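Fold and contact review
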Amino acid sequence: MKAYKIAVIEGDGIGREVVPEGVRVLEAVAHRFDLSFSWQNFDWSCERYAKTGRMMPEDGLEQLRPFDAIYLGAIGYPGVPDHVSLWGLLIPIRRGFKQYVNLRPVRLLEGITSPLSGRKPGEIDFVIVRENSEGEYSEVGGRLNRNTEDDIAIQQSIFTRRACDRIIRYACELARTRKKHVTSATKSNGIVFSMPFWDERFAAISKQYPDVKADQFHIDILSAHLVAHPDWFDVVVGSNLFGDILSDLGAAVVGSMGLAPAANLNPEREYPSLFEPVHGSAPDIAGKGIANPVAQIWTGAMMLRHLGEEQAAHAVEQAIFKVLASSSVRTRDIGGKASTRQMGEVIAEEVSASAGVSAR
Ligand code: NAD
Ligand code: IPM
Ligand code: MN
């Protein structure tokens, strides 16, 4: 039996509601495929910040280091400024563990109605490859003359050849396993140093993949094309901020924030990778038991795949797809009345029951 040690950070808001459903489904698939998970919960959150003044202990990364993976819900809640909560927990983990790939599949599923009229499953199926270690998200900069009329904020973007090349290469490699098409998100008309540099690196790296069609769009029209022509895209690679924005746009075009999974990968496997949905803590619906757990559950499938458990990953995805296609149990965001727990239970049951997926 393969045994995995997983660090669980439910975090804030609906993170606490959807993570238990993800664990439920992963337990069901473990049973079926003769795997075992040992889960260790960490209460790192805004609530902890209120009590201790820190989102995580000073040695937080050392505590996480021995785990095979990190399974996270969402971080951030009113009462703690977002830049304090996120830079006190999620972003240090992504950076400290060199999780430089943020992988975000966007797929319209059977049984889900896209807000784009007439779009059918199969027509929207692309992956966002988001640079996850630098770019517009940086700690370089500062404030001067605070609270005076001369108040100044300076925020420096950082684009390194090392980080651009590795993320573009990752995107090209991924495209090779898919529809062999990679699209770069740029803004080299308006941003005169970092974006022309990004374009240069995209041209240099994508040239090494003659079998992969490479094109690029400025982020403004790319956003429009993702709405008007989502079927044009296969792999979309972008900087940290562009990839972030396109991720929520992607989730929207395939029906709900509650359906969008993500993986923060350290491809070299030198450190644990982190698996979380694209969405946040959704304070507007937190505590009501109505959040859609599908993104969190699907993220669990991405974790299984990263751990080398392809069959188990596939079984979880198939269970999600089957339930969404045919079950009347669905949460409000996708037109039903089910609770978070009912949705998790029906997917877990499907994992346990599904025929045609052979156990090892
Ligand atoms: P959000 O993703 O939390 O919510 C946006 C909207 O989508 C809300 O209306 C919410 O109800 C809905 N939604 C999100 N997930 C849903 C689900 N599973 N089921 C049904 N509806 C869902 O984004 P926000 O409101 O911008 O951010 C809220 C907090 O979360 C902030 O503190 C933000 O910084 C944080 N955040 C954290 C992460 C993360 O931990 N990775 C990601 C995004 C935002
Ligand atoms: C995401 C989130 C985070 C990000 C925030 C909460 C810092 O929006 O994971 O998409 O921008 O990386
Ligand atoms: Mn985001």
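1. Comments concerning the packing of helix α6 (residues 161-176) against helix α7 (residues 194-206)
Packing of α6 against α7 leaves a shortest axis separation of 9 Å and a crossing angle of 45 degrees. It follows from the interaxial angle that α6 and α7 lie oblique. Judged by the twist between their axes, the crossing of α6 over α7 is right-handed. Residues Arg161, Cys164, Asp165, Ile167, Ile168, Arg169 and Cys172 of α6 pack against Phe197, Trp198, Arg201, Phe202, Ile205 and Ser206 of α7. Partitioning the contact of α6 with α7 into residue classes produces eight nonpolar, one polar and four charged.

2. Some words on the site of ligand 1
Around ligand 1, the surrounding shell holds 22 residues, and the nearest of these are Asp82, Glu276, Gly280, Ala282 and Asp284. One nitrogen or oxygen atom from the side chain of His279 is found 3.3 Å from a nitrogen atom belonging to ligand 1. Ser281 is positioned with one of its backbone polar atoms (N or O) 3.1 Å from an oxygen atom of ligand 1.

3. Looking at the pairing of strand β11 (residues 261-265)
If a strand is regular, its side chains alternate between the two faces of the sheet. Of all five residues that make up β11, five are buried, and the element is covered over most of its length. Here β11 shows two buried faces, one formed by Pro261, Ala263 and Leu265 and the other by Ala262 and Asn264. Pairing of strand β4 (residues 101-107) with β11, which is carried by three bridges, proceeds in the antiparallel orientation. Pairing of Val101 across the sheet is with Leu265, part of β11.

4. A short note on the pattern of salt bridges
What the rule picks out here adds up to 19 salt bridges. Across the salt bridge formed by Arg178 and Asp125, the nearest N and O atoms sit 3.4 Å from each other. Taken together, the residues Arg178 in the loop between α6 and β8 (181-186) and Asp125 in strand β5 (residues 125-131) connect sequence positions 53 residues apart. Judged by its relative accessible area of 26%, Arg178 falls in the partly exposed class.

5. Notes on the site of ligand 2
As a structural note, the neighbourhood of ligand 2 is formed by Leu86, Ile91, Arg94, Arg104, Arg130, Tyr137 and Asp244. Side-chain polar atom of Arg94 to an oxygen atom of ligand 2: 2.6 Å apart, as the coordinates give it. Taking Tyr137, its side chain carries an N or O atom lying 2.5 Å from an oxygen atom of ligand 2. Here the shell around ligand 2 is built from residues that sort into three nonpolar, no polar and four charged.

6. Some details on the domain arrangement of the protein chain
Split by domain assignment, the protein chain resolves into domain 1 (1-104 + 260-360) and domain 2 (125-140 + 156-253). If you average the C-alpha positions of domain 1 and of domain 2, the two centres end up 25 Å apart. In this complex, domain 1 contributes 15 residues to the contact, which on the side of domain 2 involves 21 residues. Both sides together, the interface formed by domain 1 and domain 2 hides about 1400 Å², and carbon and sulfur atoms give 56% of it. Our count for the contact surface shared by domain 1 and domain 2 stands at zero salt bridges. Across the domain 1-domain 2 interface, the total number found is eight residue pairs in polar contact (both at pLDDT 80 or more). Among the elements of the structure, α5 (90-96), β4 and β11 are those that each provide at least two residues to the side of domain 1 that touches domain 2. Ranked by residues supplied to the side of domain 1 that touches domain 2, first place goes to β4 with four residues. For the side of domain 1 that touches domain 2, the residue count by class is nine nonpolar, three polar and three charged.

7. Re helix α1 (residues 15-33)
An α-helical turn contains 3.6 residues, so any two residues separated by three or four positions project in the same direction. Here α1 contains 19 residues, and its C-alpha end-to-end distance of 26 Å stays within 8% of the 27 Å for a straight helix at 1.5 Å per residue. Of all 19 residues making up α1, 14 are buried, and the element is well covered by its neighbours. Looking one or two residues past α1, Asp34 carries a phi angle of roughly 60 degrees, positive in sign.

8. So, the nonpolar core
Judged by nonpolar contacts, the single largest core of 82 residues is most densely connected at Val129 and Ile347. Among the elements that make up this core, the one with the highest residue count is helix α11 (residues 310-326) (nine residues). Built from parts of two domains, this core gets at least three residues from each of domain 1 (1-104 + 260-360) and domain 2 (125-140 + 156-253). Residues in contact with Ile347, not counting those within four places in the same chain, are Val25, Val294, Ile297, Ala319, Ile320 and Val323. The next biggest cluster of nonpolar side chains, apart from the first, holds 21 residues, and it includes Leu72, Leu90, Ile91 and Leu274.

9. Quick word on the environment of Ala301
Mapping Ala301 onto the fold places it in helix α10 (residues 294-306). The class for Ala301 is buried, based on a relative accessible area of 0%. C-alpha of Ala301 to C-alpha of Tyr4: the two residues are 297 residues apart in sequence and 14 Å apart in space. Discounting residues that sit within four places of it in the chain, Ala301 has contacts with Ala313, Val316 and Glu317.

10. Looking at the sheet that holds β8
On the basis of which strands lie adjacent, the open sheet formed by 10 strands has the order β2-β1-β3-β12-β11-β4-β5-β10-β8-β9 and mixed pairing. Two strands close off the open sheet at either side, each with one partner strand: β2 (35-42) and β9 (213-218). Strand-to-strand twist of the sheet, defined as the mean angle between neighbouring strand axes without regard to direction, takes the value 25 degrees.

Criteria and thresholds
Residues numbered from 1 in each chain as written. Chains lettered and ligands numbered in written order. Predicted model: local features only at pLDDT ≥ 70, side-chain atom pairs only at ≥ 80, totals over all residues. Heavy atoms only, no water. Axes fitted to C-alpha atoms, helices over the stretch in contact; angles between N-to-C directions. Helix = DSSP H or I, 4+ residues; strand = E, 2+ residues; numbered from the N terminus. Parallel < 35°, antiparallel > 145°, perpendicular 65-115°, else oblique. Left-handed = near helix turned anticlockwise from the far one by under 90°. Contact = heavy atoms within 4.5 Å. Nonpolar A, V, L, I, M, F, W, Y, C, P; charged D, E, K, R; others polar. Near = heavy atom within 4 Å. Polar contact = N/O pair within 3.5 Å; in protein donor to acceptor, adjacent residues only side chain to side chain. Buried < 20%, exposed > 50% of the residue type's maximum accessible area, 1.4 Å probe, protein only. Pairing = 2+ DSSP bridges. Salt bridge = Lys/Arg side-chain N within 4 Å of Asp/Glu carboxyl O. Domains from an automatic or database assignment. Buried area = accessible area lost by both parts, 1.4 Å probe. Expected span 1.5 Å × (residues − 1). Core = buried A, V, L, I, M, F, W, Y, C linked by side-chain atoms within 4.5 Å.

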